[in-house]
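Here is what each chain is made of, one letter per residue.
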Amino acid sequence: MRNCKLTPCVLVALLLVGVLHLEAAMATDFTYGEALDKSLMFFEAQRSGKLPSDQRVKWRGDSGLTDGLAQGVNLVGGYYDAGDHVKFGLPMAFTVTMLSWGAIEFRKEITDLAQMGQTLWAIRWGTDYFMKAHPQPNVLWGQVGDGDSDHYCWERPEDMTTPRTAYKIDENHPGSDLAGETAAALASAAIAFQPYNSSYSALLLVHAKQLFTFADRFRGLYDESIGSAKNFYTSSGYSDELLWAAAWLYQATNEEYYLKYVVDNAVYMGGTGWAVKEFSWDNKYAGVQILLSKVLLEGKGGAYTSTLKQYQAKADYFACACLQKNEGYNVYKTPGGLLYVREWNNLQYVTSASFLLAVYSEYLSAANAKLTCPEGQIQPQELLSFAKSQADYILGKNPKSMSYIVGFGSKYPVHVHHRGASIPDVSVLQSVVGCVQGFETWYHRPQANPNVIYGALVGGPDQNDNFSDDRSSYEETEPTLSGSGPLIGLFSKLQSTPIKFIHSISNTWSIGKMTYYRHKVILKNTSQKPVTDVKLMIENLQGPLWGLSPTPEKNTYELLQWQKVLQPASECTFVYIQGGPQAKISILSYH
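Residues numbered from 1 in each chain as written. Predicted model: local features only at pLDDT ≥ 70, side-chain atom pairs only at ≥ 80, totals over all residues. Heavy atoms only, no water.

A.B. asks: Would you mind showing me how to read the overall build of the chain here?
C.D. replies: Looking only at helices and strands, the chain has 20 helices and 16 strands in total. For a compact globule of 591 residues, the expected C-alpha radius of gyration is about 25 Å, and the chain comes in at 25 Å, within 12% of that figure. Along the three orthogonal principal directions, the C-alpha set of the chain runs to about 85 × 65 × 40 Å. Within the span of the chain, comprising 591 residues, buried residues form 59% of the whole. A sequence separation of at least 24 residues applies to 73% of the contacts in the chain between residues at least 6 apart. Between the mean site of the 49 positive side-chain charges and the mean site of the 56 negative ones, the chain shows a separation of 7 Å. (Helix = DSSP H or I, 4+ residues; strand = E, 2+ residues; numbered from the N terminus. Rg over C-alpha atoms; globule rule 2.2 N^0.38 Å. Buried < 20%, exposed > 50% of the residue type's maximum accessible area, 1.4 Å probe, protein only. Contact = heavy atoms within 4.5 Å. Lys, Arg positive; Asp, Glu negative; His and termini not counted. Charge placed at Lys NZ, Arg CZ, Asp CG, Glu CD.)

Here it is as C-alpha cells:
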C-alpha cells in the first residue's frame, strides 16, 4: 500500500466524519478546593500537644505533653516536621510564613471557599507555639527532639520513647536565620489575623519585632548553636532571613525603618546581588525580591525606588527561570514538565515556586505591568498558568497519572513514609508499639498504611518522572510541613480562576503508521461575572485548528468575534487535529 499524506482536505473530511468516536474526557482542571481542604487536614495530622475537640484526624491523639518540662519551659504544641517527631523550628516557621502569606494575598478566595477559619487555625497552631518558645526577648527555643535518636525508632507519636531534648538560641548562642524566619512568621501572621483578632495580631507583632532585633544584633548560624539540626536542616546563611524578616515587618507596620533596612543592606546581604532559581525553607531571596517588588509596583518606593528596581530585576530572573524564558539559565524540568530542583523531597521546591509565581502574577496584574524576561515580555496571567501546570502535575496530570497528594483522586501513594500513618491508631491497636517493634512489624510491611494521611504532599518523583511508592524511599514518599505550606494560597487562587478547560478526544484514526486525534476543548466561564478579551497561547500545535482566531503574536489565539464575551456559566468550543500528545494550552490574559 502506498503512503498516504494527510492533506487539509482529508483532515476536514476526517474531522467531520470521524472513523472512531472516542469521547475520552481528560479533565485538565481539578477540584482545587478539595485539594485545599485535604491539605489543611495534613496540618492537623502533624499537630503535637493536646489536640482540640474539633480535631478531624481521628487516628491522632495527644502527644509531646511534657515537651520543655526538663528545661523549665512550656514547649507543648507546634508541629512535627515530617514523618518523624522532631519539632524543627526553621522549616516550621517558614511553613507558617507561607500559610500566612496565602491568607493575606488570597483572603477573598479562601473566604469564598469557607476555609479561612481552618487556615487561621493552622497558622495559630504554629504561632502559639512560637510565642511560648520565645519567653525572653533574646531567647528562642528552636527545636524539640533529636533527629538522630528519633530516626532510630518507628513508633506512633502517642507512644514516643525517644528523648524530647529542647534546644535554644540566645545572646551567647545566636541563630539569626532561625530568629529571623520566626520573626517573619509572626509578622506575616499578624497581618493575616488583623481583620479577625486585632489583639492577637498586636501580640504577634510584639514578638516579631523583638525577634528581629535579636536576630540582627546577635548574628550567627542557628545550626552552629543547635548542632543536632545540622544533619537535617543545615542553613546556608542568615542574610536572606534578616532581609525577609524586615520586609515582612515593613508590610505589617508600614514603618520606614524596616524598608530602609532592606535598602541599606541590599548589597551587603545579597538581596540585589543573588539571582536564584530556588525558594525554600533555607533560601528566601526570591521571596524577599518579589515581596519588595510589591512595594515598587504599588508606587510606594519613594527615595528607595532605584534599589527596589534592583530587587525586582532579581525577582524577574527567578520568574523567568521558572517559565523557561531566561536564555538558558532556567530551572530544570522533567520530561513530564515538573520543575526539578533537588533530589530529596523535590515537590517542596515546586510548591513554593508555584506559590511565588501566583503571588507575583497578582502584583503585576494589579499594577497593569508585565514580566520582563530575556526572551520577551510575559503577561501576568502566564505566570499563573505555569503555576497551574505545576499544581496539575502534582494532582495527577503527570506521566504516572498519580496524585502526589495523599487521598486526592483515585490513585495516590499508599506507603507514605510517616510513622503515625503506618501504625494503627491507639483505638484499634491499644498496646504500645515499641521502638524496634515498629520497624519489624510496620515499617517493612508490604501492605498500604492503615491510616490515610489526607493532604500529605509526598516528596515526589525523580528527575525522570519515576516514582517508587515505597515506605523506605523516604526521598520520594515522606511528606513535610514546608512542602504543604504554600499549597493553601495556591489552591485557593486556582479554584477562583474563572476559566476552566475540559479537554477530550472525540475522534481517532490511523493512516499508515500514524495515529491522529481530534481534540475538543471546551472553555467555560465558572465565575459570576462576564469574561472578555480572552487570549490563549497554544504551543506544540501540529495540525489545523477551528474555533479560534489567530493573532499577530506567535502561538496566540483569541475567541471568535461573536464570542468575545463569555457570560457566567457559558462556554465555547474549539477543536484541532494532530498526531501524538495534545497541544499545550494556557491562558495569556482576560478581563
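A.B. asks: Can you help me understand the sheet that holds strand S3 (residues 140-144) in this one?
C.D. replies: Two pairing modes exist for strands in a sheet, parallel and antiparallel, and in both the strands are linked by backbone hydrogen bonds. In space, the 3 strands of this open sheet follow the order S2-S3-S4, with antiparallel pairing throughout. Each having just a single partner strand, strand S2 (87-88) and strand S4 (166-169) make up the two edges of the open sheet. Pairing of S2 with S3 involves 2 bridges; the strand directions are antiparallel. Looking at the pairing, Lys-87 lines up with Val-144 of S3. (Pairing = 2+ DSSP bridges.)

A.B. asks: Mind showing me how you'd approach the nonpolar core here?
C.D. replies: Among the nonpolar cores identified, the biggest contains 148 residues, and Trp-101 and Leu-371 are the most heavily contacted of them. The element that contributes the greatest number of residues to this core is helix H14 (residues 347-366), accounting for 12 residues. Apart from the residues within four sequence positions on either side, Trp-101 is in contact with Trp-244, Trp-248, Phe-279, Gly-287, Leu-291, Phe-355, Leu-356, Val-359 and Tyr-363. Core analysis: the second largest hydrophobic core is formed by 19 residues, Leu-548, Leu-566, Ala-583 and Ile-587 among them. (Core = buried A, V, L, I, M, F, W, Y, C linked by side-chain atoms within 4.5 Å.)

A.B. asks: I keep staring at the packing of H14 against helix H20 (residues 487-496) and nothing clicks. Help me out?
C.D. replies: Two packed helices can be described by the angle between their axes and the distance between those axes. Between H14 and H20, the shortest axis-to-axis distance is 9 Å and the interhelical angle comes to 50 degrees. Taken together, the axis directions place H14 and H20 in an arrangement best described as oblique. Considering the relative orientation of H14 and H20, their crossing is left-handed. Facing Thr-351, Ser-354, Phe-355, Ala-358 and Glu-362 of H14, the residues of H20 in contact are Leu-487, Gly-489, Leu-490 and Lys-493. (Axes fitted to C-alpha atoms, helices over the stretch in contact; angles between N-to-C directions. Parallel < 35°, antiparallel > 145°, perpendicular 65-115°, else oblique. Left-handed = near helix turned anticlockwise from the far one by under 90°.)

A.B. asks: Would you mind going over the side chain of Thr-477 with me for this structure?
C.D. replies: Along the chain, the position of Thr-477 falls in helix H18 (residues 474-477). A distance of 3.0 Å separates a polar side-chain atom of Thr-477 from the backbone oxygen of Asp-470. Ignoring anything within four residues of it in the chain, the contact list for Thr-477 reads His-415, Val-416, His-417, Val-458, Gly-459, Phe-467, Ser-468, Asp-469, Asp-470 and Arg-471. (Polar contact = N/O pair within 3.5 Å; in protein donor to acceptor, adjacent residues only side chain to side chain.)

A.B. asks: How should I be thinking about helix H15 (residues 380-395) in this particular structure?
C.D. replies: An α-helical segment advances 3.6 residues per turn. Residues three or four places apart therefore align on the same side. In this model H15 runs 23 Å from its N-terminal to its C-terminal C-alpha over 16 residues, within 8% of the 22 Å that 1.5 Å per residue would give. At the C-terminal side of H15, Gly-396 shows a positive phi close to 140 degrees. (Expected span 1.5 Å × (residues − 1).)

A.B. asks: How should the packing of H14 against H15 be read in this particular structure?
C.D. replies: Closest axis-to-axis distance for the H14/H15 pair is 8 Å, and the angle between their directions is 155 degrees. In terms of their interaxial angle, H14 and H15 are classed as roughly antiparallel. Viewed along their axes, H14 and H15 form a crossing whose handedness is left-handed. Taken together, the residues of H15 that come into contact with H14 (itself represented by Leu-347, Val-350, Thr-351, Ser-354, Leu-357, Ala-358, Tyr-360, Ser-361, Leu-364 and Ser-365) are Pro-380, Gln-381, Leu-383, Leu-384, Phe-386, Ala-387, Gln-390 and Ile-394. Across the contact of H14 with H15, the residue classes tally to 12 nonpolar, 6 polar and no charged. (Nonpolar A, V, L, I, M, F, W, Y, C, P; charged D, E, K, R; others polar.)

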